[in-house]
Amino acid sequence: MAMKTVEESHVGISCYISNLPGFRGVLKQRYSDFIVNEVDRDGQVVHLSSLDAPPEEEQRSVQETGTNTSESDTTTVTSYAALLDSFKSLAGDSDAGCLEEFLNQINTGDDKSVAPLVLSPDSNKSHRTAVHKFFKGNFKFLVTDTVDGPDASSKCIRVRLNSGGPNNNGRNSKKRKERGDKPFDSRGSKSWPENVEKFLRFHLYKENKDTQEALGVIGKMLGIQSRSFGFAGTKDKRAVSTQRVTVYKQLASRVASLNERLFGIKVGDFCYVNEGLVLGQLSGNRFTITLRGVVADSEDTIKASADALGRHGFINYFGLQRFGSGSVPTHLIGAALFRGEWELAVDMILDPRDGEKEAIAKARKYYKDSKDIEGTLRQLPRYLVAERAVLQNLKKSPGNYVQALKAIPRTLRMMYVHSYQSFLWNHAASTRVQKYGTEQVVLGDLVYCKENPTGKVTGIVGPECDDDCGDRYDSNIEEEVSEDTQEESNNYVKVVTAEDLNLGCYTIEDVILPMPGSRVIYPTNDVAKVYHDLADKDRISLTECVHNVKEFSITNVTGSYRRVFQKPINFEWELLKYADSTKPLVETDLDKIIKSKPVNGVRPVGASDAKKEDNTRELENSNDGANIEADDDEIEGEEVILPQDESVSGTNSQDFQTALKMSFTLPTSCYATMAIRELLKTSTSVAYHKTLNQ
């Protein structure tokens, strides 16, 4: 079932728009060659422009809280530690350890999938009463009851999440934060002035780190859980990226003070807001990509290709990142879920795979050989979220593979479903190009209806990636969350008719294809057949459900639509000449801050990291972008020779190489690597670009 690595042909990526020749270029030779700036819903590009806290808001917050946030958070953490110590005295080490693990699961997993905790058998009624009172007084988001023990003379106390009783005082109550009965990971200071917005928004700048990793570091320094943060989408690891983040009840001065200790991460541009960010609250991303070591027949070849990309765009494939970078592609796991093969899906998530770090490979092999869950969990790093969630659930409920799969956080487990939908979509897009070309709309194509009253409505479009398309991929994927916005979600989809063709109502840019689901329609030309043929080959029906687990059923997934062709927006490019391959060719946001106003105590990110950059480059890419109108003629190209440091050892200032620098914006769910593929006419696979760096 597993393959060595995922290749483009395996997942339906096979065509190009233009027939122009490609050329050689190295993507992400340095992580600073790939810069990503989030674009908010108002079309504003997010930049890091200041590292300082706003002094007036900072002072006001300190005065009105009457306390130091740092001390308050420390007290909160300490108090819960003290509660666990108290419970240990009351119930013993074993039950205290189980309670701590139970609370950690609530904080790191999907609340709905957390199984109740059953404490050790207890035949002493007065002692059980004391335990009930302990929970009632100290953990109001939990409820307890008494169940039968292993023998007739004993009883056990069961602890579970309060889902909302007669008074709606459960953990999910909307007023929980105001009541103060917070879960184990208090999200912020208990004391907070009413006239100050409860969320601090800031810009997160990071180099060579993914979003979750960066927020994990910041959260640890603040003494809060990663779930306290909100963001619109995760960004590439192998990149320099800037995005908006919110955090609950934290002072700007405290967060800003972390800059002196943060490496590879900086925070700034602080303000207080009423609501936290959630996945999908963005228009997209602005990319600044530099291809190094460019070699072509002539510079005219490069210029022609760049111009063609700007004018005609690229096929809007889901990139290789969508399917994982390991030897077990995520779409194969999705296919197993659609078939209801739960044990196979679990095995594919846990089994050994090629290309992983030795410690992880060893842990996977250990489990496959021994089935020792405890021993495997001790070896698996915590960032392997899916694997750990599955194993922890199998430990509680051996053989319950469906429950184990549901224990994976929803956005992560739905990634497998979306991956299979993307697999079918890519193949359909290639079929559309192969059969009907890239020049014009044809009979039977699907388009968004421009004027609803004039055409027969045959379907309603959803967002371009349905449900929670916030895909944080499996442990091998250092990439994006694709949380698509609701652009055109209220528009209609129709089949192109002969009348439409005669009137010339639609162009090739209007053509869309469905992501399979229960509420989509398919083209009425030959493209529709590829969906059903591929699904049949995988023993999957697109119209009938073979099991009753709704979230893993193709007939219960809503489905959506996606444009087949995409133009880069506000596209600009220039050729650069350089001699020193170790020097950055583009200024980052932080470079600009330091250049304009040196900041005391702030170490330039990655200042000592340049020598550590190896030449093994992974192709992660954000699939977010921005909906910004652009003029097709607004395409710039020029050649720039950069000044070089002739003192660099081993560098001849006359041995110039060529780089192609491009800046463009993409709508959500579009992959910049697919734009680069159209330009170079080469694979975007990790393995291929590794060879270019050798």
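Overview of the structure. (Residues numbered from 1 in each chain as written. Predicted model: local features only at pLDDT ≥ 70, side-chain atom pairs only at ≥ 80, totals over all residues. Heavy atoms only, no water.)

Notes on the overall build of the protein chain
So, point 1. Looking only at helices and strands, one finds 20 helices and 20 strands in the protein chain.
So, point 2. Looking at the protein chain alone, contacts between residues at least 24 apart form 81% of all its contacts between residues at least 6 apart.
So, point 3. Of the roughly 30,000 Å² of accessible surface on the protein chain, 47% is carried by carbon and sulfur atoms. (Helix = DSSP H or I, 4+ residues; strand = E, 2+ residues; numbered from the N terminus. Contact = heavy atoms within 4.5 Å. Areas by Shrake-Rupley, 256 points an atom, 1.4 Å probe, with all protein chains shown as cover.)

Some remarks on the state of the cysteines
So, point 1. One pass over the structure, following the stated rule, counts 0 disulfides.
So, point 2. The thiol of C449 is unpaired, and the distance to the nearest cysteine sulfur, on C505, comes to 9.1 Å.
So, point 3. Among the residues examined, C449 registers a relative accessible area of 10% and is labelled buried. (Disulfide = S-S within 2.5 Å. Buried < 20%, exposed > 50% of the residue type's maximum accessible area, 1.4 Å probe, protein only.)

Considerations on the packing of aromatic side chains
So, point 1. The final tally for this structure, using the stated rule, is 16 aromatic pairs.
So, point 2. Between F34 and F287 the ring centres are 6.0 Å apart and the planes differ by 70°, which places this aromatic pair in the edge-to-face class. Of the two residues, F34 is situated in strand β2 (residues 34-39) and F287 in strand β10 (residues 284-295); the sequence distance between them amounts to 253 residues.
So, point 3. On the basis of relative accessible area, F34 is assigned to the buried category, the value being 0%.
So, point 4. Ring centres of F571 and F664 lie 6.0 Å apart, and the angle between their planes is 45°; this geometry places the pair in the tilted category. Residue F571 is found in strand β18 (residues 569-578), and its partner F664 is found in strand β20 (residues 657-667); the two are separated by 93 residues along the sequence. Both residues of the pair, F571 and F664, count as buried.
So, point 5. For R562, the ring lying beneath its charged end belongs to F318, and the centroid distance is 3.8 Å. (Phe/Tyr/Trp six-rings, centres within 6.5 Å; stacked < 30°, edge-to-face > 60°. Lys NZ or Arg CZ within 6 Å of the ring centre and 35° of its normal.)

Notes on the sheet that holds strand β5 (residues 155-161)
So, point 1. Strand order in the open sheet formed by 3 strands is β3-β5-β4, and the pairing between neighbours is antiparallel. Edge strands, defined here as strands with exactly one partner in the open sheet, are β3 (117-118) and β4 (142-148).
So, point 2. Here 2 bridges tie β3 to β5, and the two strands are oriented antiparallel to one another. Bridge pairing links V118 to R158 in β5. (Pairing = 2+ DSSP bridges.)

Details of the nonpolar core
So, point 1. Core analysis: the biggest nonpolar cluster contains 112 residues, and I289, L291, L660 and M662 have the highest contact counts within it.
So, point 2. Sorting elements by how many residues they give to this core places helix α15 (residues 410-436) first, with 12 residues.
So, point 3. Those residues in contact with L660 that sit more than four places away from it in its chain are F23, I289, T290, L291, V294, I302, W573, E574, L575 and L679.
So, point 4. Counting 25 residues, the second-largest nonpolar core is a separate cluster that includes A53, V247, V255 and A256. (Core = buried A, V, L, I, M, F, W, Y, C linked by side-chain atoms within 4.5 Å.)

Some words on the environment of Q566
So, point 1. Mapped onto the elements of the fold, Q566 is located in strand β17 (residues 565-566).
So, point 2. A C-alpha to C-alpha distance of 9.4 Å links Q566 and Y317, two positions 249 residues apart in sequence.
So, point 3. In contact with Q566, not counting residues within four places along its chain, are G313, F314, N316, L666, P667 and C670.

Quick notes on the pairing of strand β8 (residues 240-248)
So, point 1. Of all 9 residues in β8, 9 are buried, a share of seventy percent or more.
So, point 2. Going residue by residue along β8, you find V240, T242, R244, T246 and Y248 tucked away on one face and S241, Q243, V245 and V247 tucked away on the opposite face as well.
So, point 3. One ladder, built from 9 bridges, connects strand β6 (residues 199-207) with β8; its direction is antiparallel. Counterpart to F199 in the pairing with β8 is Y248.
So, point 4. In the sheet, strand β7 (residues 229-231) pairs with β8 via 3 bridges, with the strands oriented antiparallel. Bridge pairing links F229 to V247 in β8.

Some thoughts on unusual backbone geometry
So, point 1. In this model, N208 sits at a positive phi of 55°, which is unusual for a non-glycine residue.
So, point 2. Within the element layout of this structure, N208 appears in the loop between β6 and α6 (211-222).
So, point 3. In this structure N208 comes out as partly exposed when scored by relative accessible area, which is 26%.
So, point 4. For K371, which is not a glycine, the phi torsion comes out positive at approximately 60°.
So, point 5. Within the element layout of this structure, K371 appears in the loop between α11 (358-370) and α12 (373-379).
So, point 6. Here K371 falls in the partly exposed class, since its relative accessible area comes to 48%.

Quick look at the packing of helix α10 (residues 342-350) against helix α13 (residues 385-396)
So, point 1. Taken N-terminus to C-terminus, the directions of α10 and α13 make an angle of 130°; their axes are 9 Å apart at the nearest point. Accordingly, the angle class assigned to the pair α10 and α13 is oblique. The hand of the α10/α13 crossing is left-handed. Facing α10, whose interface residues are V346, I349 and L350, α13 presents A386, E387, V390, L391 and L394.
So, point 2. Broken down by class, the residue content of the contact of α10 with α13 amounts to 7 nonpolar, no polar and 1 charged. (Axes fitted to C-alpha atoms, helices over the stretch in contact; angles between N-to-C directions. Parallel < 35°, antiparallel > 145°, perpendicular 65-115°, else oblique. Left-handed = near helix turned anticlockwise from the far one by under 90°. Nonpolar A, V, L, I, M, F, W, Y, C, P; charged D, E, K, R; others polar.)

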